Amino acid sequence: MVKMETAELETDLSLFKYDNLEQLPPRYRDLDEDERTERIEAALAELGDDVVILGHNYQRREIVEHADFVGDSYQLSQQAAEADAEYVIFGGVTFMAESADIITDDEQTVILPSMEASCPMAGMAEALQVDAAWAEITAAAPDADIIPITYMNSYADLKAFCASQGGLVCTSSNAHRAFEYAFERGDKVLFLPDKHLGENTAYRLEMEDEIAKWDPWDPEGKDAEDVAESDIILWDGYCQVHERFREEHIEQVRAEHDDAKVIVHPECRREVVEAADKAGSTATICKTIEEADPGDTWAIGTEIHLTNHLQRWHPEVNVLPLCGDACMDCNAMRQIDPNYLTWVLEELLEGRERNVIEVAPEEKDLANVALERMLEI
Ligand code: 13P
Ligand code: SF4
């Protein structure tokens, strides 16, 4: 594997590198890998069909290895809807586990091994804040039917809000279809929280001239006139892991590998998606590498654990991280430490449910409407 030069970037990586094991009983903090694997396997054998483990593509190897299903956000929500195990252990982040709780039956319990696994982007659009913005946005365009669409990376109360206004949820694999759904029913879309996915989707639909930005933190960043004139209003949220990729990384990888192709996640900046050969959800990235010919070179612009998995799963393909050593892992995803997995499974064996994710009943039904609309498009 060729090691790429690290490009200069202004983000302080140390901000994203902490593991929080505080919630874990001390006897679980220093388990060695062999012992831990043995204990996880023994617990899973005893729990049998009572437990299913769902793992997002960004999870650590030690979680993915124990998962019954590994996939992107959309596939995991489908798996949760089909699961009939009593316990769904979610290797992912809070908003994904919430969605699983909404979609599964009332008798099923969703467990997130670590409560620290919260996606910062989801926290960039809080329902209360969106409520206030909604009043301003609807006042700016009083005659328009505005349909709110929230990316899966958002909390249940925001999903419920979107459903209450005729909107829905989408993932990176179906955002364009969600926009089409909304434009069949309304005049404008408010898309939250990821401005990059929103912008990339607007381009895909050839509606790039219809974009207004809404920055709830900046009084100058929300222009009522712009909102009145534009069909797509984008909330100013973003993912730190994906904002890191720049066009110069693509130029560099192409300069170093004549035959390299580049695939990036649509949470990347517009210029990066435009410069890449392909963009798509984590499932699309996996499929692209699965279908590559031996000897092909692909540089990947997404979270580093997935790139590492793809290197292990497909040694016949030359898989490169798009910005070399500067590619980041998702700190939220990384909080699902395998020691936490050991703990929640062994607690279940003792009849104790730990880290249960339960969406408030008043939000659950409406959020479910928003998710079901997505599963139907
Ligand atoms: P996918 O829907 O592509 O799996 O992405 C989820 C995510 O959080 C990307 O940062
Ligand atoms: Fe959130 Fe980004 Fe992590 Fe995805 S990679 S879960 S958007 S912080």
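Residues numbered from 1 in each chain as written. Chains lettered and ligands numbered in written order. Predicted model: local features only at pLDDT ≥ 70, side-chain atom pairs only at ≥ 80, totals over all residues. Heavy atoms only, no water.

### Topic: the UniProt feature "binding site: [4Fe-4S] cluster" (unreviewed entry) in the protein
Rules: UniProt positions are given in the numbering used here, feature names are shortened, and annotations may be inferred rather than shown by experiment. Labels follow the DSSP assignment, with helices taken as runs of H or I lasting at least four residues and strands as runs of E lasting at least two, numbered in each case from the N terminus. The buried label applies to any residue whose accessible area, calculated with a 1.4 Å probe on protein chains only, is under 20% of its type's maximum; exposed applies above 50%, and partly exposed to all values in between. We call two residues in contact whenever any of their non-hydrogen atoms come within 4.5 Å of each other.
What UniProt calls "binding site: [4Fe-4S] cluster" (unreviewed entry) maps, in this numbering, to C119, C239 and C330. Across 212 residues, the annotated set stays spatially compact, with a maximum C-alpha separation of 9.4 Å. Looking at the secondary structure, you find C119 in the loop between strand 4 (109-111) and helix 5 (127-140). Under the relative-accessibility criterion, C119 is labelled buried at 12%. Not counting chain neighbours up to four residues away, the residues in contact with C119 comprise V93, F95, N153, Y155 and A332. When you line up the elements, C330 lands in the loop between strand 13 (318-321) and helix 15 (331-334). Not counting the four nearest positions on each side in its chain, C330 is found in contact with V241 and E303.

### Details of the site of ligand 1
Note the following rule: By convention in these notes, a residue is near a molecule or strand provided one of its non-hydrogen atoms lies within 4 Å of it. As used in this structure description, the phrase polar contact means that two N or O atoms lie within 3.5 Å; if the pair is within protein, one of them must be able to donate a hydrogen and the other to accept it, and residues adjacent in sequence are counted only when both atoms belong to side chains. Here the Shrake-Rupley method, with its probe set to 1.4 Å, supplies the accessible areas, and only the displayed protein chains count as covering residues. Just so you know the grouping, Ala, Val, Leu, Ile, Met, Phe, Trp, Tyr, Cys and Pro go in nonpolar, Asp, Glu, Lys and Arg go in charged, and all remaining residues, Gly too, go in polar.
Around ligand 1, a shell composed of H56, Y58, D72, S73, N153, S172, H242, H265, E267, S281 and T282 is seen. H265 places a side-chain nitrogen or oxygen 2.8 Å from an oxygen atom of ligand 1. One nitrogen or oxygen atom from the side chain of E267 is found 2.9 Å from an oxygen atom belonging to ligand 1. When the free accessible area of ligand 1 is taken as 310 Å², the share hidden by the protein chains comes to 95%. Among the residues making up the shell around ligand 1, the classes are represented as 1 nonpolar, 8 polar and 2 charged.

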